[in-house]
Amino acid sequence: MTSFTDALDLAFTAQSRGCVIFGSPFSALVLEAMQADARQGGVYARLMQPFEDLDLDGVMQAAAPLRPLGWLHALVLKGRAPRLARLYPPNPAPDPEALRAEIVRLAGDLYEEAEAFLTSPPQTNEVRRTLCLLPGFTTIAAETCLPLRTFEIGASAGLNLNWDRFHYRLGEAGQWGDPASPVQISGDWTGAPPPLGPVEITTRRGCDIAPVDVRDTDQALRLQAFIWADQTERMVRLRAAMALAIDQSALPEQADAADWVEANLRPQKGVTTVLYHSVMWRYMPEATRARIAAHMAKMGEAAAPDAPLAWLSMEPPPHMSTRMDLELTLWPKGGLRRLAQVHPHGAAVDWSPEG
Ligand SMILES: C[S@@+](CC[C@H](N)C(=O)[O-])C[C@H]1O[C@@H](n2cnc3c(N)ncnc32)[C@H](O)[C@@H]1O
């Protein structure tokens, strides 16, 4: 007997709203079609069975509603669901009943495959988040006047390791990078222009507990499948950044963030050592976060004006919000500073640095 629990139902509603807020009305439509089927005890209720013991937080943490959304998009991208593809962008918004009938048919026909796809969490690498990180890096470079040794944790496919090889348009605030870059990033900017001087990178390394290898066709496709189907610009950026990552061989290492930070992060003379991350902090257990914070505080004490240490993060604030915080701690001075409030996918930056 399957039960589509209240927690699951609420999670589908919350996720649909989130999709609308973050610019994907089509994904909301697909989620609503799955939810309508699940409420009647259909195939999507069965697919959600592994999550039925979780409370709302647990369901959202597991990103349960996004899993079947990614599975359907993967079928479309692989060319394995031509009837569904006719209901997907760039075609006009479909009739909700026709959409529901087709996604129910596919989940019934390909049940075991869907079940297997849903066992792993969504894997994303949001390239446009570099628009938010960029003014953090340029601030660090401006304040330390040294080249940067960069270390990213939770780097996913490592696409953002190449952040300095992208070209950026920061609304009215200016541009940065090589205008001929294959990866073009732009977003809205509020506030004064940030420092936009040149940055020299001496080291670019990243780690992830479950890195995506973009050289592997299946893994590359899975990454694309979790881009919302009506967000064409995001897909274009992702594909360009994947090609650049392969070209530059900038790939993340497999490691737990705390182990890796403890093993690699220490100040070095003549360069600024930078730890950075985006939208990964809450994915780690409390003990892992505490180890990283303790290591950085200890290394901060060892930092000096000619061997500075920086910690740059773009993460959600502790309370529910549609904005994230860009924060910086720069040792030897120390002290956490909020630099900006930013859109979770990097579409906008409200630059209002403290201190
Ligand atoms: C939502 S993704 C964000 C990826 C990327 N930072 C971005 O902004 O696009 C979170 C990433 O954190 C990684 N992660 C979770 N726990 C981790 C850990 N303990 N150590 C390293 N990476 C971890 C996940 O595998 C995933 O790739």
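Given the structure is predicted, the values throughout are model-derived calculations rather than measurements.

(A) Structural context of the pattern of salt bridges. Inspection of every chain in the model, using the stated rule, returns 17 salt bridges. Put simply, Arg-83 and Glu-102 hold a salt bridge, and the shortest N to O gap is 3.5 Å. Here the residue Arg-83 occupies a position in helix α6 (residues 82-85), and Glu-102 occupies one in helix α7 (residues 96-109), the gap between them amounting to 19 residues. Here Glu-102 falls in the buried class, since its relative accessible area comes to 6%. Linked by salt bridges that have partners in common, Arg-83, Glu-102, Arg-105 and Asp-109 make up one network.

(B) Geometry of the domain arrangement of the chain. As far as domains go, the chain holds domain 1 (6-117) and domain 2 (127-212 + 230-351). For domain 1 versus domain 2, the separation of C-alpha centres amounts to 32 Å. Tallying the contact residues gives eleven residues for domain 1 and nine residues for domain 2. Both faces considered, domain 1 and domain 2 share a buried interface measuring about 670 Å² in area, 59% of it formed by carbon and sulfur atoms. Looking only at domain 1, the three residues that lose the most surface to domain 2 are Phe-22, Gln-61 and Leu-77, adding up to 58% of its buried area. On the surface where domain 1 and domain 2 come into contact, there are zero salt bridges. The interface formed by domain 1 and domain 2 includes four residue pairs in polar contact (both at pLDDT 80 or more). Ranked by residue count, the leading element in the side of domain 1 that touches domain 2 is helix α2 (residues 25-39), at three residues.

(C) Region of interest: the site of the ligand. The immediate surroundings of the ligand are formed by 18 residues, with Glu-126, Arg-129, Gly-154, Asp-208 and Ser-278 found nearest. A distance of 2.6 Å separates an oxygen atom of the ligand from a polar atom in the side chain of Asp-208. Note that a nitrogen atom of the ligand is positioned 3.2 Å from one of the backbone N or O atoms of Ile-209. Starting from 600 Å² of accessible surface for the ligand in isolation, the protein chains cover 93%. A per-class count over the shell around the ligand returns seven nonpolar, six polar and five charged.

(D) The arrangement of the layout of surface pockets in detail. The computed volume of the second largest pocket comes to approximately 270 Å³. For the lining of the second largest pocket, the secondary structure elements donating two or more residues are β8 (309-315) and β9 (324-331).

(E) Up close: the nonpolar core. Ranked by internal contacts, the top residues of the largest apolar core, which has 51 residues, are Leu-159, Trp-163, Tyr-168, Leu-312 and Leu-326. Not counting residues within four places of it along the chain, the set of residues in contact with Leu-312 comprises Leu-133, Gly-136, Phe-137, Ile-140, Leu-275, Tyr-276, His-277, Leu-326, Glu-327, Leu-328 and Leu-339. One finds Ala-45, Leu-99, Leu-118 and Trp-228 within the second-largest nonpolar core, a separate group that totals 47 residues.

(F) Expanded view of the packing of aromatic side chains. Following the criterion strictly, the structure yields eleven aromatic pairs and no others. Relative to Tyr-168, the ring of Phe-166 has its centre 6.3 Å away and its plane inclined at 45°; by these criteria the two rings are tilted. Judged by relative accessible area, which is 0%, Tyr-168 ranks as buried. Aromatic pair Tyr-168 and Trp-176: ring centres 6.1 Å apart, planes at 55°, arrangement tilted. Judged by relative accessible area, which is 9%, Trp-176 ranks as buried. Three or more aromatic residues link up through ring pairs in this structure, and these residues are Phe-137, Trp-163, Phe-166, Tyr-168, Trp-176 and Tyr-276. A cation over an aromatic ring shows up here: Arg-222 above the ring of Phe-117, its NZ or CZ 4.2 Å from the ring centre. The aromatic ring of Trp-228 is capped on one face by Arg-234, whose charged end is 5.3 Å from the ring centroid.

(G) Region of interest: the environment of Thr-5. Along the chain, Thr-5 falls in the segment before α1 (6-21). Expressed as a C-alpha distance, the spacing of Thr-5 and Ala-293, which sit 288 residues apart in the sequence, is 37 Å.

(H) Main features of the state of the cysteines. What the rule picks out here adds up to zero disulfides. Just so you know, Cys-19 is unpaired, no disulfide at all, and the nearest cysteine sulfur is the one on Cys-132, 19 Å from it.

Cut-offs and rules
- Residues numbered from 1 in each chain as written.
- Predicted model: local features only at pLDDT ≥ 70, side-chain atom pairs only at ≥ 80, totals over all residues.
- Heavy atoms only, no water.
- Salt bridge = Lys/Arg side-chain N within 4 Å of Asp/Glu carboxyl O.
- Helix = DSSP H or I, 4+ residues; strand = E, 2+ residues; numbered from the N terminus.
- Buried < 20%, exposed > 50% of the residue type's maximum accessible area, 1.4 Å probe, protein only.
- Domains from an automatic or database assignment.
- Contact = heavy atoms within 4.5 Å.
- Buried area = accessible area lost by both parts, 1.4 Å probe.
- Polar contact = N/O pair within 3.5 Å; in protein donor to acceptor, adjacent residues only side chain to side chain.
- Near = heavy atom within 4 Å.
- Areas by Shrake-Rupley, 256 points an atom, 1.4 Å probe, with all protein chains shown as cover.
- Nonpolar A, V, L, I, M, F, W, Y, C, P; charged D, E, K, R; others polar.
- 1 Å grid on protein atoms, 1.4 Å probe; cavity = no way out; pocket = protein on both sides within 12 Å on 5 of 7 lines; lining within 4 Å.
- Points joined across faces, edges and corners; volume = space filled by probe spheres on them.
- Core = buried A, V, L, I, M, F, W, Y, C linked by side-chain atoms within 4.5 Å.
- Phe/Tyr/Trp six-rings, centres within 6.5 Å; stacked < 30°, edge-to-face > 60°.
- Lys NZ or Arg CZ within 6 Å of the ring centre and 35° of its normal.
- Disulfide = S-S within 2.5 Å.

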